[in-house]
Amino acid sequence: MSIDQGNTTRRGVLKGAAAALALAGAARAALPAGAFAQGAGPEVKGVKLGFIALTDAAPLFVAKEKGIFAKYGLPETEVLKQASWGTTRDNLVLGSEGNGIDGAHILTPMPYLISAGRVTQNNVPVPMYIMARLNLNGQCISISKEYLDQKIGLDTKPFKVALEKKKASGKAVKAAMTFPGGTHDLWIRYWLAAGGIDPDKDIETIVVPPPQMVANMKVGTMDCFCVCEPWNEQLIHQGIGYTAVTTGELWKDHPEKAFAMRAAWVDKYPNAAKALLMAVMEAQQWCDKPENRDEMAAIVAKRQWINVPVADVLDRMKGKFDYGTGRIVENSPFTMKFWADNASYPYRSHDLWFLTEDIRWGKFDAQTDTKALIAKVNREDLWREAAKALGVTSLPASTSRGVETLFDGKVFDPENPAAYLASLDIKKVA
């Protein structure tokens, strides 16, 4: 080989190496550092995820609309509307292999109820993992305009008097929530019970899918309901009822929805699960930026997502709460959070509160080994891995947020849930 041929060959090798480095650099820019470092991308190109038409599903909408799932190697991810939480449960039981779904925007207690077989057909357990919390705050309890003169708020004692008067006239009184043992069920039960209203004796609790709440109150199906936005604000815009409380007033920065997956899917596709979690977390970060709230409202209001006027979404998403009683709060401290204040981190102590409340109301047995159940379902370890791969430097120091105080002064110490349970006046469990 001549000297010129050798130089040409060396130049070709160097050019090829430079091109390879450039390609690697582009890949690093396109993919998260963690996913690139693994040396293997997601095992699949997508996953089927479910959602209910609620604003706290926004991270899933944003991740799909803005190409974040695709950025992390999951371009075929589908975000599929579910008719109700019961439908979500049924489709999770089926899994995508059975024409269902493998993950969802979900009420935090539901993965526990499904994993334990408490709400599944024939009580067959279907193991689930909570991968992240989707948001803090953002739910509301709304009341029919029939009770507008009372302007019911945190204190439900006046509401108890009004309900007793209505019952004495021979009429039924009903409170609507979205799934037995779910967050909305627990918020409205806590609020009612704090004022002496026994949700199992003094009022009938009924299940209504979130998108049907306003229409049902319009025809007089219920006296009050608990649900996420935009349905509380839409109720006011239609002149049908008013907001008694936003749930952050019951417990500031309380945990709400979760992002959960079938355990079998996560175990089978660990790289894809990590990439999926990273995509959701990046979308949560985007959602929490004030400068993105107008765009986020426009996205979630779209037909394929919630299908409502943007006006039903925007104000409360930006922190303006018109309660429909003449009370208007600007820059509410109870605005929905997606990332700030560790909103995304699935604290095990938060899951314990939900399980304790579900024991309170008979959804779980008093003998339930909550610690063992949480260890199986809550995958905060996967959240930490994904956060590190994303370059998140401020990680929670503990799996517990510590002692929590609710609006009525009740104290929940995750080290002693039995003492909390004993302090509650109205409950099913002895």
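By convention here, each chain's residues receive numbers from 1 onward along its written sequence. The predicted nature of this model means local features are confined to residues of pLDDT at least 70 and side-chain atom pairs, given and counted, to a pLDDT of 80 or more, with totals for whole chains, interfaces and linings taken over all residues. Each side-chain value is worked out from all heavy atoms of the structure, with water and hydrogens disregarded.

For the chain, the name recorded in an unreviewed UniProt entry is CmpA/NrtA family ABC transporter substrate-binding protein, with Methylorubrum zatmanii as its organism. UniProt positions are given in the numbering used here, feature names are shortened, and annotations may be inferred rather than shown by experiment. As its UniProt record puts it under Sequence similarities (unreviewed entry), the chain is described as follows: "Belongs to the CmpA/NrtA family." Here the chain is described in UniProt, under the heading Subcellular location (unreviewed entry), as follows: "Endomembrane system".

1. Looking at helix α13 (residues 293-300)
Residue burial is assigned from relative accessible area. The probe radius is 1.4 Å, only protein chains are included, and a residue is buried under 20% of its type maximum, exposed over 50%, and partly exposed in between. Secondary structure counts use DSSP, requiring at least four H or I residues in a row for a helix and at least two E residues in a row for a strand, with both numbered from the N terminus. By the burial criterion, the buried members of α13 are Arg-293, Met-296, Ala-297, Ile-299 and Val-300. The arc that holds the buried residues of α13, viewed along the axis, is 160°, so those residues lie on one side. Contacts were defined at the residue level, with two residues in contact if any of their heavy atoms lie within 4.5 Å. Its buried side turned inward, α13 meets α3 (58-65), α12 (270-287) and α14 (311-317). Within this analysis, the arc is defined by the directions that extend from the helix axis to the C-beta atoms.

2. Quick notes on the sheet that holds strand β9 (residues 241-246)
A pair of strands counts as paired when DSSP detects no fewer than two bridges linking them. The 5 strands lie next to each other as β7-β6-β8-β5-β9, forming an open sheet whose pairing is mixed. The open sheet has two edge strands with one neighbour each: β7 (204-207) and β9. In this sheet, adjacent strand axes meet at a mean angle of 25° when their direction is disregarded. Direction of pairing for strand β6 (residues 174-177) relative to strand β8 (residues 224-228): parallel, over a ladder of 2 bridges. Bridging from a neighbouring strand, Ala-176 pairs with Phe-225 of β8. Between the N-to-C directions of two axes lies an angle of 0 to 180 degrees, each axis being a line fitted to C-alpha atoms and, for a helix, fitted only over the stretch in contact.

3. Comments concerning the confidence of the model for the chain
pLDDT expresses, on a scale from 0 to 100, how confident the predictor is about each individual residue. Taken residue by residue, the chain gives an average pLDDT of 92. The fraction at 70 or more is 91%. Note that pLDDT drops below 50 for residues 1-39; the model gives that stretch 16 contacts with residues more than four away or on any other chain.

4. With respect to the pairing of β6
Alignment of β6 against β7, held across 4 bridges, turns out to be parallel. Looking at β7, one finds that Ala-175 is bridged to Thr-205. Since β6 and β7 lie parallel, the crossover through helix α8 (residues 183-194) that links them has a hand, and here it is right-handed. Think of it like this: strands point away, you trace from the first strand over the helix to the second, and a clockwise trace means the crossover is right-handed.

5. A few points about the packing of α8 against helix α15 (residues 348-360)
The N-to-C vectors of α8 and α15 enclose an angle of 65°; their axes lie 11 Å apart at closest approach. Handedness of the α8/α15 crossing: left-handed. For the pair formed by α8 and α15, the contact residues are Thr-183, Leu-186, Trp-187, Tyr-190 and Ala-193 on the first element and Trp-353, Phe-354, Glu-357, Asp-358 and Arg-360 on the second. Polar here means any residue other than Ala, Val, Leu, Ile, Met, Phe, Trp, Tyr, Cys and Pro, which are nonpolar, and Asp, Glu, Lys and Arg, which are charged; Gly is therefore polar. Across the contact of α8 with α15, the residue classes break down as 6 nonpolar, 1 polar and 3 charged. With the far helix as reference, a near helix turned anticlockwise by less than a right angle produces a left-handed crossing, and one turned clockwise produces a right-handed crossing.

6. Re the state of the cysteines
Sulfur atoms of two cysteines make up a disulfide when they are within 2.5 Å. Within the structure shown, the criterion is met by 0 disulfides. In this structure Cys-140 is not part of a disulfide, and its nearest cysteine sulfur, from Cys-226, lies 7.9 Å away. Overall, Cys-226 belongs to the buried group, its relative accessible area being 0%.

7. Brief notes about the packing of aromatic side chains
The relative placement of two aromatic rings is captured by the distance of their centres and the angle of their planes. Pairing of aromatic side chains requires ring centres within 6.5 Å, counting the rings of Phe and Tyr and the six-membered ring of Trp. Pairs whose planes differ by under 30 degrees are stacked, by over 60 edge-to-face, and all others tilted. A full pass over the atoms with the stated rule returns 17 aromatic pairs. Taken together, a centroid distance of 5.2 Å and an interplanar angle of 20° make the contact between Trp-187 and Trp-353 stacked. In this pair, Trp-187 is assigned in helix α8 and Trp-353 in helix α15, connecting sequence segments 166 residues apart. Taken individually, Trp-187 and Trp-353 each receive the classification buried, so the pair is uniform in this respect. Three or more aromatic residues link up through ring pairs in this structure, and these residues are Trp-187, Trp-251, Trp-353 and Phe-354. Lying over the aromatic face of Trp-361, Arg-189 brings its terminal NZ or CZ to 5.0 Å of the ring centre. Lysine NZ or arginine CZ positioned within 6 Å of the ring centre and within 35 degrees of the ring normal marks a charge as sitting over the ring.

8. Re the sheet that holds strand β1 (residues 48-51)
With mixed pairing, the 5 strands of this open sheet are ordered in space as β2-β1-β3-β10-β4. Of all the strands in the sheet, just β2 (78-81) and β4 (128-133) have a single pairing partner and so form its edges. For this sheet, the mean inter-axis angle between neighbouring strands, taken without regard to orientation, is 30°. Where strand β3 (residues 103-107) and strand β10 (residues 257-262) come together, 5 bridges link them in antiparallel fashion.

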